[in-house]
Amino acid sequence: MHGRGLILRVDLNCGTVVKEEIPRELCLKYLGGEGVNSWLLWEHFLKVDPKTDPLDSDNVLIAGLGPLGGTGYGAGSKMKWTYKSPLSNMFGDSVCGGGFASALRLAGYDHLVITGKAKAPVYIWIDDESVEIRNASHLWGKDTNEVDLRIKQELGDERIEVATIGRAAENLVAFASIIVSGGRVAGRTGAGCVMASKNLKAISVRGTKGIRVHDPLRFQEAKDELIAAMNASPENLDTRRAYGTLTAVIGYQIRAGNAYRNCQYSVMPDDKAKMLSHKWYLEHLAAGSLTCSPGCIMGCSGWFKIKGNEPSLAAKTYKGVTGIKAEYLAVASLGIMPDLPDMAAVLALVGLCSKYGMDAVEVGACCALLMELWQRGFLTEDDTISWTGEPLSLEWGNLKAIEKIVHSIALQDDQLGRLLRGGVYKAACNIQDMKEDVPALRFAIYGKGGSPFGEDVRGMPSRSTNMAVASRGADHLKGFGTLDLYCRPDISNLYFGTPDAAKAMDITLKGATSAMAETRTAIISSLGLCVIPVGIDPIQFPLVMFSKALSALTGDEIAPEEMFQIGERVVNLEKAFNSRVGYRRKDDRLCDRWLKDPKPSGPDQGWKAEDFIEQTKDDYYERRGWDKVTSLQTRQKLRELNMTDVAKVLRKEGALI
Amino acid sequence: MCELSCSLAKEGAINPYLARIQVIKVDDYSFAPVICRRCNPPKCLQACPIPDEAMSWDEALGVVVINESGCIHCFACIEACPFGAIRVGPNNEVLKCDLCGGDPVCVKYCPERPENSLPHLPWPKQSCLKYIEPHRVNDHKFASERAKSQEIRLPKDHLQKRFELQPHLAKERSKYEKD
């Protein structure tokens, strides 16, 4: 088939490798990337109990890139890793850039399904047709950057792409990540932890076969059309090209979305915000720009070098450190939440997290939680002595303390690390178990499934709804481009035939907006593209554009309406998985900080999620066609989406209305 | 992006190993494009044992073009190129830039970088690749301007490494050595 690769199944129990074609019906039903990944996960858990422990060898790790990824289409190549999450115990997936995904497609594989558990540490070496499982005991215990280098040396080719885990994953930290191509992170929900539980240290790939194109000339035209659309808003593109998502620090100062000091405040003091702004970064640290994945004309990533003479306190400490620029969420979590207004320190810490291979967002939320408990007098020096053996001040912005926490979590060598191993929600529970009079859960920042998010979303009803319902837990990549942030009446008109949904600080149609944004990101992720350039704006980048490109590449004609249905189908499939695990409406919830504490400042001062979330959730379930009381899917909706097979399974388990 | 666009335009398939342009790593985070520098007189043409059949000089564009049907795959041009800009593809095809008839796709898809307009960088709003018209290639004033912009820096060991970087060529060479 043109433009499509194979599914590569590797069973680590017995070391068997099976290659099979992706059935054409599956491509038409779920597109590729996230969609087909979710189907493969669903299929796997038909044979395996969905309530299995995520760290059991029965869990599966799936990697997949959609058809338009890796082709040089213009909007990047983003790979999805899908599994049952050890962090939230439900559906889990994580997205990454890097050249690994493209290399896998160039070798002829669109999806990689890894099952079982190896007896000793191994890594997989894919060289076009040949697939080999090799001993990795010499790589166990090494940092991610070193593994990348050593595998390339061992195999004798610098152009090999490597996906690997670090020491955090080996120590089974629940939010450990997979680090791809030497610094691109599949960060959220514990992909690395699942990989480590399979005794799989790394996957390396060289692809030289290429991707066959159905109609090269038409594909070239489709590409030109996309690039023209991307260039049509040069200002927007220029800002993003130069700064990536870092501009949000200043943007959120105005919109009041910076979760300063564990979200006790919504804006930072201006002088501190300046130290974390894109301008400061560009003036002092930026060394060059990069794309995060092949085939992107935007290239919003970059690399930095700390020279040591920057006007920041930590610059001297981290003199000579280089690395890949962090994006807003990492800066928010490690800079804004624990009040560490120092870009050099934040970038160095994010670099340290990727060296150990773990999620900087979760680490930042853990630090901020401990610091707030310290501020309120619930934690004292005695606690830190009993956890680490030495006194540690958890004052806001104490760089030494944050660094100590990062090391402790990754290396799991003291009680502090073990306390935080399961992420911020479980850490709060642990603290409450230890000290009954400390209401730690009251202060932890988390959404569905216990995963944290480093923004203040209280005044944004649509975004809050996404945090409460997203299939992989609180997250902006399942529902990117909600209207309360981008206030676009034209998009509201397109979706609902009325401009009402575009009003900020208003709950009209906001639940429905969440559903629409979620469907759109599911489509983009299933195509293998990046949501940053093309995910937000359905007017500038209408689905018909992708439909044309897909037909030129693969020869499959998928109309825009069908594509929209595919997006819905993907969301429904992920929801069905969570329903099987036992998640219901009561689990679609936010943390108390967002629910109960009114927003202290900003244009939406006084807003709290408690006031609107049940209403917007109703609105969301209604738009999805799900039952409002339980949040379960209805037979009618699944029949509409041609998913009767899924409905049958759900009915048998009592998870269907 | 340039590699992927090149292979699509030239071969109708997406495969960086078939591209006439190659992006290589200089150090940790910097990369450089390797492509025909259009030297005059061209070293590759001088090295070719059968220049009449396998290679020709395109007067209008000022570039050497390979005639695939005449090529005997002796790889002399690859050895001769001082910039390591001629490559071998997966099926032993010799890959060399022919400038796409004067409108190279790699340049077309190379985005301009807005931050290049900042005070500390000398060339406002530039992309990495630039098409230089034939009459300016040997223009000395222009050449010195190019050098000033530090246009392309290649790592010192690039020439030694160019065989290692191409697995197909390495395999092929080891075969010859055995023979």
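In this convention, every chain numbers its residues from 1, walking through the sequence in written order. Lettering for chains starts from A, numbering for ligands starts from 1, and both go in the order in which the items are written. For a predicted model such as this one, the threshold for reporting local features is a pLDDT of at least 70, and the threshold for listing and counting side-chain atom pairs is 80 or more; totals across whole chains, interfaces and linings nevertheless cover every residue. Excluded from the side-chain calculation are hydrogens and water; included are all heavy atoms of the structure.

Draft legend 1. Quick peek at the overall build of chain A. Summing up its helical and strand segments, chain A has 31 helices and 16 strands in all. Our radius of gyration looks at C-alpha atoms and nothing else; its globule reference is 2.2 Å times the residue count to the power 0.38. Its C-alpha atoms give chain A a radius of gyration of 23 Å, near enough to 26 Å, the size a compact globule of 657 residues would have. For chain A, the spread of C-alpha atoms along the three principal axes comes to 65 × 60 × 50 Å. Total accessible area on chain A stands at roughly 20900 Å², and carbon and sulfur atoms take up 50% of it. His is not counted, nor are the chain ends; Lys and Arg add positive charge and Asp and Glu add negative charge. By convention, the point assigned to a charge is CZ for Arg, NZ for Lys, CD for Glu and CG for Asp. Of the side chains in chain A, 80 bear a positive and 81 a negative charge, and the two mean positions are spaced by 1 Å. Counting from the N terminus, the helices are DSSP H or I runs at least four residues long and the strands are E runs at least two residues long. Here, Shrake-Rupley sampling with a 1.4 Å probe gives the accessible areas, and only protein chains in the shown set may cover a residue.

Draft legend 2. Summary view of the pattern of salt bridges. Residues and elements named next belong to chain A. One side-chain nitrogen of Lys or Arg within 4 Å of one carboxyl oxygen of Asp or Glu is enough to make a salt bridge. Enumeration over the complete set of coordinates arrives at 59 salt bridges over all chains. Of the charged contacts, one joins K548 and E225 as a salt bridge, the two residues approaching to 3.4 Å between their closest N and O atoms. Here the residue K548 occupies a position in helix α26 (residues 543-554), and E225 occupies one in helix α7 (residues 216-231), the gap between them amounting to 323 residues. Since its relative accessible area comes to 28%, E225 is described here as partly exposed. Here K637 makes a salt bridge to E640, at a shortest N to O gap of 3.6 Å. With K637 and E640 both in helix α30 (residues 635-640) and three residues apart, this pair spans about one turn of that helix. Residues joined in a network through salt bridges with shared partners are E34, K80, D93, R472, D475, K478 and E574. Exposure is judged per residue with a 1.4 Å probe applied to protein chains only, and the accessible area is read against the type maximum: over 50% gives exposed, under 20% gives buried, and values in between give partly exposed.

Draft legend 3. Focus on the sheet that holds strand β11 (residues 184-186) of chain A. All names here are of chain A. One requirement defines pairing of two strands: DSSP has to find at least two bridges between them. Pairing is mixed in the open sheet, where six strands are placed in the order β8-β7-β12-β9-β10-β11. Taken across any chain shown, the strands that pair with only one partner, and hence form the sheet edges, are β8 (130-135) and β11. In this sheet, neighbouring strand axes are inclined to one another by 20° on average, regardless of whether the strands run parallel or antiparallel. Here two bridges tie strand β9 (residues 161-164) to strand β10 (residues 178-180), and the two strands are oriented antiparallel to one another. Counterpart to A163 in the pairing with β10 is V180. Between two residues, a contact is recorded if the distance between any of their heavy atoms is within 4.5 Å. Here the axes come from fitting lines to C-alpha atoms, over the contacting stretch only for helices, and the angles between their N-to-C directions go from 0 to 180 degrees. Each of β7 (122-127), β8, β9, β10 and β12 (200-206) touches helix α4 (residues 144-155); the most contacted strand, β12, lies at about 50° to it.

Draft legend 4. Region of interest: the interface of chain A and chain B. Contacts between chain A and chain B engage 39 residues on the former and 33 residues on the latter. When two components associate, each loses some accessible surface as probed by a 1.4 Å sphere; the sum of these losses over both components is called the buried area. Counting each side, the surface lost to burial between chain A and chain B is near 3000 Å², with a carbon and sulfur contribution of 56%. For the interface between chain A and chain B, the tally reads two salt bridges. Two residues, R159(A) and E3(B), come together in a salt bridge whose shortest N-O distance is 3.2 Å. The definition of a polar contact used here is a pair of N or O atoms within 3.5 Å, where within protein one atom must be able to donate a hydrogen and the other to accept one, and adjacent residues in sequence count solely through side-chain atom pairs. Across the contact surface, chain A and chain B share six residue pairs in polar contact (both at pLDDT 80 or more). Only α7, α8 (234-243), β14 (286-290) and β16 (322-324) of chain A provide two or more residues apiece to the side of chain A that touches chain B.

Draft legend 5. Main features of the sheet that holds β14(A). All names here are of chain A. Pairing within the open sheet is antiparallel, and its three strands lie in the order β14-β15-β16. Edge positions in the open sheet fall to β14 and β16, since each of these has one partner strand only. Ignoring which end each strand starts from, the neighbouring axes of this sheet average 20° apart. Set on the sheet, helix α12 (residues 278-285) makes contact with β14 and β15 (301-305); between it and β15 the angle comes to about 55°.

Draft legend 6. Representation of the environment of V180(A) within the structure. Residues and elements named next belong to chain A. Locating V180 in the fold gives a position in strand β10. We classify V180 as buried; its relative accessible area is 0%. C-alpha of V180 to C-alpha of A609: the two residues are 429 residues apart in sequence and 36 Å apart in space. Sequence-distant contacts of V180, defined by excluding residues within four places in its chain, comprise W81, C96, G97, F100, V162 and A163.

Draft legend 7. Structural view of the layout of surface pockets. Residue and element names in this part refer to chain A. Two kinds of site are reported from a 1 Å grid over the protein atoms alone, namely cavities, where a 1.4 Å probe fits but cannot get out, and pockets, open sets with protein on both sides within 12 Å along at least five of seven lines, and residues are called lining when an atom falls within 4 Å of a point. Grid points are joined across faces, edges and corners, and a volume is the space filled by probe spheres set on the points. Of the voids in this model, the second largest pocket is the one considered here, and its volume is about 330 Å³. Along the walls of the second largest pocket sit 15 residues, with M1, R4, G5, G108 and R212 positioned nearest its centre. Just so you know the grouping, Ala, Val, Leu, Ile, Met, Phe, Trp, Tyr, Cys and Pro go in nonpolar, Asp, Glu, Lys and Arg go in charged, and all remaining residues, Gly too, go in polar. Considering only residue class, the lining of the second largest pocket consists of five nonpolar, four polar and six charged.

Draft legend 8. Summary view of the environment of F443(A). Residues and elements named next belong to chain A. Here F443 is to be found in helix α20 (residues 440-443). A relative accessible area of 8% means that F443 is categorised as buried. F443 has contacts with N262, L369, E372, L373, R376, F378 and R593, leaving out every residue within four places of it along the chain.

Draft legend 9. Representation of helix α19 (residues 424-434) of chain A within the structure. Residue and element names in this part refer to chain A. All of the buried residues along α19 are V424, A427, A428 and I431. Buried residues along α19 cover an arc of 100° about the axis, so they all sit on one side. Along its buried surface, α19 packs onto α15 (360-375), α18 (415-420) and α20. It is the directions from the helix axis to the C-beta atoms whose arc is reported.

Draft legend 10. Spatial organisation of a positive patch on the surface. Positive charge collects at one region of the surface, where R635(A), R639(A), K648(A) and R651(A) lie side by side. Breaking the positive patch down by element, the ones donating at least two residues are α30 and α31 (644-652) of chain A. Residues enter patches when they are more than 30% accessible in relative terms and free of salt bridges; like-charged ones are connected within 9 Å and nonpolar ones (Val, Leu, Ile, Met, Phe, Trp, Tyr) within 5 Å.

Draft legend 11. Spotlight on the pairing of strand β4 (residues 79-84) of chain A. Residues and elements named next belong to chain A. Among the six residues that make up β4, six are buried, leaving the element largely enclosed by the rest of the structure. Where burial is concerned, the two faces of β4 agree: the one with M79, W81 and Y83 and the one with K80, T82 and K84 are both buried. Taken together, the three bridges between strand β3 (residues 61-64) and β4 define a ladder with antiparallel strand orientation. Paired with I62 across the two strands is T82, which belongs to β4. Bridge count for β4 against strand β5 (residues 91-96) is six bridges, and the pairing is antiparallel. The residue of β5 that forms the bridge with K80 is V95. In this antiparallel pair of consecutive strands, β4 and β5, the connection spans six residues, and N89 shows a positive phi of 65°.

Draft legend 12. Highlighting the nonpolar core. All names here are of chain A. Residues W81 and F546 are the most contacted members of the largest nonpolar core, which totals 223 residues. Sort the elements by how many residues they give to this core and α15 lands first, with twelve residues. Ignoring any residue separated from it by four or fewer positions in sequence, one finds F546 in contact with L68, Y73, L226, R520, I524, L527, L529, V534, F541 and M563. Joining through side-chain atoms within 4.5 Å is the link that ties buried Ala, Val, Leu, Ile, Met, Phe, Trp, Tyr and Cys residues into a set, and such a set is a nonpolar core.

Draft legend 13. A look at the packing of helix α21 (residues 461-469) of chain A against helix α24 (residues 510-527) of chain A. Residue and element names in this part refer to chain A. It is the contact of α21 with α24, at a shortest axis distance of 8 Å, that shows an interaxial angle of 60°. On the basis of the axis angle, α21 is oblique to α24. The way α21 lies across α24 gives a crossing that is right-handed. Across from P461, S462, T465 and N466 in α21, the residues of α24 making contact are K510, G511, T513, S514 and E518. The class makeup of the residues in the contact of α21 with α24 is one nonpolar, six polar and two charged. Here the word oblique covers every angle except those under 35 degrees (roughly parallel), over 145 (roughly antiparallel) and from 65 to 115 (roughly perpendicular). Whether a crossing is left-handed or right-handed is set by the direction in which the near helix is turned from the far one by less than a right angle, anticlockwise for left-handed and clockwise for right-handed.

Draft legend 14. Representation of the side chain of K637(A) within the structure. On the basis of relative accessible area, K637(A) is assigned to the buried category, the value being 10%. If we skip the residues at most four places from it in the chain, K637(A) touches E568(A), N572(A), R624(A) and G625(A).

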